[in-house]
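If you want the building blocks of each chain, they are given just below.
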Amino acid sequence: MLVRLLKDGQLNKQSVAETVVLMGAQGEQTLVNILAKEPDSNLNLRVCMVRALALSNVSNASIDFVIEMLFKAARDRNAQIRKASVVSLDILRKKSMSLSDQVTYLKAKNLL
């Protein structure tokens with residue numbers, strides 16, 4: 001139902017995308033899959049989804065898929081997507097600093 005609201009609903013897309021991510025590993029994976037299939041023309045939805053991925057749990061095994069999608073988004077043609085991706089990656093890097101060496105590639109001082 002949330003996925004339908006994200007694409008077609010009248011609700012704030014950012015709030016819906018954040019809710020999907022906060023559902024845990026399955027929500028993160030769902031958002032990554034939607035983002036991978038979303039056409040370039042739907043800029044606002046794509047930016048909302050990339051921003052929402054910053055709320056991902058860095059302790060979940062699905063973080064690999066999130067990071068991969070954010071790095072892919074960092075090479076997008078649109079500057080808004082690239083900016084949102086880099087900001088999300090930085091937020092995840094800061095979250096990972098409190099962990100042990102579980103997510104070592106997020107601890108680098110530079111992102112790209």
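So, here's what we can say about the structure. (Residues numbered from 1 in each chain as written. Predicted model: local features only at pLDDT ≥ 70, side-chain atom pairs only at ≥ 80, totals over all residues. Heavy atoms only, no water.)

1. As for the side chain of Ser-56
Here is step 1: Structurally, the position occupied by Ser-56 is in the loop between α4 (43–52) and α5 (63–73).
Here is step 2: Once residues within four sequence positions are removed from consideration, Ser-56 is found in contact with Val-21, Glu-28, Ile-63, Val-66, Leu-92 and Lys-95. (Helix = DSSP H or I, 4+ residues; strand = E, 2+ residues; numbered from the N terminus. Contact = heavy atoms within 4.5 Å.)

2. Some thoughts on the pattern of salt bridges
Here is step 1: By the definition in use, this model includes 5 salt bridges.
Here is step 2: Asp-40 is the partner of Arg-77 in a salt bridge, and the nearest nitrogen-oxygen pair spans 2.5 Å. Of the two residues, Arg-77 is situated in the loop between α5 and α6 (79–96) and Asp-40 in the loop between α3 (25–37) and α4; the sequence distance between them amounts to 37 residues.
Here is step 3: Residue Arg-77 is classed as exposed on the basis of its relative accessible area of 71%. (Salt bridge = Lys/Arg side-chain N within 4 Å of Asp/Glu carboxyl O. Buried < 20%, exposed > 50% of the residue type's maximum accessible area, 1.4 Å probe, protein only.)

3. Observations concerning the packing of α4 against α6
Here is step 1: Between α4 and α6, whose axes approach to 8 Å, the crossing angle comes to 10°. Put simply, α4 runs roughly parallel to α6. Of the residues in α6, those in contact with Leu-43, Arg-46, Val-47, Val-50 and Arg-51 of α4 are Gln-80, Ile-81, Ala-84, Ser-85 and Ser-88.
Here is step 2: In terms of residue class, the contact of α4 with α6 is made up of 5 nonpolar, 3 polar and 2 charged. (Axes fitted to C-alpha atoms, helices over the stretch in contact; angles between N-to-C directions. Parallel < 35°, antiparallel > 145°, perpendicular 65-115°, else oblique. Nonpolar A, V, L, I, M, F, W, Y, C, P; charged D, E, K, R; others polar.)

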